[in-house]
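Here is what each chain is made of, one letter per residue.
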Amino acid sequence: MSNSKTKPLDRIDLMILSTLQSDGRISNVDLAKKVNLSASPCLDRVKRLETEGYIERYGAFLNARKLNFGMSAFVQVTLSRTTSDSFKLFNKEVVTIKEVVECHLVAGGYDYLLKIRFADIESYRLVLENIGRLTNVAQTSTYIVTEHIKQDGGLPFN
């Protein structure tokens with residue numbers, strides 16, 4: 001988010017962002033100590049970073065296996081038409097499939113790359129059927145994940 005009121009980030013802002021990214025539950029007092037500020041200016045900076053859109057949301061990383069979504073796959077989707085309306089319609093429909101946890105419009109040999117989460121192969125088949133029913137889907141190719149080596153750990157701060 002950029003507007004004329006957005007201040008450039010300094011070293012302390014980056015330390016705050018890095019710390020919150022790795023520990024979103026840290027108290028303001030502990031965060032302030034970690035970045036060598038007193039609590040009040042630290043809280044002011046966090047609120048500014050939220051207001052300016054640097055911090056989009058807070059959350060928890062859940063154990064997918066324990067919650068019966070232990071399997072994942074990447075699905076390449078090719079549309080039969082690549083018009084602006086086709087993309088808008090696909091975007092509107094794909095977000096309704098709860099098992100689609102990520103959806104990216106990409107450049108290359110296909111149009112979209114989806115990350116899906118599911119419990120088992122039967123669940124996968126049902127999700128793939130739902131994806132295949134979306135308007136203008138011409139073809140899908142799936143890559144089942146057999147082992148998670150590195151998952152999204154956030155932005156690569158120093």
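A brief look at the structure comes next.

In this section: the layout of surface pockets. Counted as a void, the largest pocket has a volume near 1,800 Å³. As for the largest pocket, its lining consists of 43 residues, and the residues nearest its centre are Arg-57, Ala-60, Phe-61, Asp-152 and Gly-154. Among the secondary structure elements, those contributing two or more residues to the lining of the largest pocket are helix H1 (11-22), strand S1 (71-79), strand S2 (100-105) and strand S3 (112-118). For the lining of the largest pocket, the element with the most residues is H1, which contributes four residues. Each residue belonging to the lining of the largest pocket can be placed in one class, and the counts come to 18 nonpolar, 12 polar and 13 charged.

Let's shift gears to the packing of aromatic side chains. Following the criterion strictly, the structure yields three aromatic pairs and no others. With a centroid separation of 6.0 Å and an interplanar angle of 65°, the aromatic rings of Phe-87 and Tyr-112 are classed as edge-to-face. Within this pair, whereas Phe-87 is found in helix H4 (residues 84-94), its partner Tyr-112 is found in strand S3, the two being separated by 25 residues in sequence. On the basis of relative accessible area, Tyr-112 is assigned to the buried category, the value being 1%. Judged by centre distance (5.5 Å) and plane angle (45°), the ring pair of Phe-118 and Tyr-124 falls under tilted. Note on accessibility: Phe-118 and Tyr-124 belong to one class, buried. Members of the aromatic cluster, each reached through a chain of ring pairs, are Phe-87, Phe-90 and Tyr-112.

It is the contact of H1 with helix H3 (residues 39-51), at a shortest axis distance of 11 Å, that shows an interaxial angle of 75°. As judged from the angle between their axes, H1 and H3 are roughly perpendicular. Together, Ile-12, Asp-13, Ile-16, Leu-17 and Leu-20 of H1 and Cys-42, Arg-45, Val-46, Arg-48 and Leu-49 of H3 make up the contact between the two elements. Residue classes in the contact of H1 with H3 are distributed as seven nonpolar, no polar and three charged.

Quick look at the pattern of salt bridges now. As enumerated under the stated definition, the model contains seven salt bridges in all. In this structure, the salt-bridge partner of Asp-10 is Arg-45, at a minimum N-O distance of 2.8 Å. With Asp-10 in the segment before H1 and Arg-45 in helix H3, this residue pair connects regions lying 35 residues apart in the sequence. Given the relative accessible area of 31%, Asp-10 is considered partly exposed. As a salt-bridge pair, Arg-45 and Asp-13 come within 2.9 Å of each other at their nearest N and O atoms. Taken together, the residues span a long stretch of sequence, with Arg-45 in helix H3 and Asp-13 in helix H1 at a distance of 32 residues. For the pair Arg-45 and Asp-13, one class covers both residues: buried.

With that settled, consider helix H5 (residues 121-132). Between its terminal C-alpha atoms H5 stretches 16 Å, which fits the 16 Å expected from 12 residues at 1.5 Å a residue. Among all positions of H5, only Tyr-124, Val-127 and Ile-131 are buried. Looking down the long axis of H5, one finds its buried residues gathered within 65° of arc, a one-sided arrangement.

Across its 12 residues, H1 extends 17 Å between first and last C-alpha, which sits within 8% of the 16 Å expected from 1.5 Å per residue. Taken residue by residue, H1 has Ile-12, Asp-13, Ile-16, Leu-17, Thr-19 and Leu-20 as its buried positions. Along the axis of H1, the buried positions cluster into a sector of 165°, meaning they face one direction only. Along H1, exposed side chains directed more than 90 degrees from the buried face belong to Arg-11 and Ser-22. Those residues of H1 that are buried lie in contact with helix H2 (28-34) and H3. Two or three places before Ile-12, at the start of H1, stands the capping residue Asp-10, its side-chain oxygen 3.1 Å from that residue's backbone nitrogen.

So, how was this worked out
- Residues numbered from 1 in each chain as written.
- Predicted model: local features only at pLDDT ≥ 70, side-chain atom pairs only at ≥ 80, totals over all residues.
- Heavy atoms only, no water.
- 1 Å grid on protein atoms, 1.4 Å probe; cavity = no way out; pocket = protein on both sides within 12 Å on 5 of 7 lines; lining within 4 Å.
- Points joined across faces, edges and corners; volume = space filled by probe spheres on them.
- Helix = DSSP H or I, 4+ residues; strand = E, 2+ residues; numbered from the N terminus.
- Nonpolar A, V, L, I, M, F, W, Y, C, P; charged D, E, K, R; others polar.
- Phe/Tyr/Trp six-rings, centres within 6.5 Å; stacked < 30°, edge-to-face > 60°.
- Buried < 20%, exposed > 50% of the residue type's maximum accessible area, 1.4 Å probe, protein only.
- Axes fitted to C-alpha atoms, helices over the stretch in contact; angles between N-to-C directions.
- Parallel < 35°, antiparallel > 145°, perpendicular 65-115°, else oblique.
- Contact = heavy atoms within 4.5 Å.
- Salt bridge = Lys/Arg side-chain N within 4 Å of Asp/Glu carboxyl O.
- Expected span 1.5 Å × (residues − 1).
- Arc of directions from axis to C-beta.
- Polar contact = N/O pair within 3.5 Å; in protein donor to acceptor, adjacent residues only side chain to side chain.

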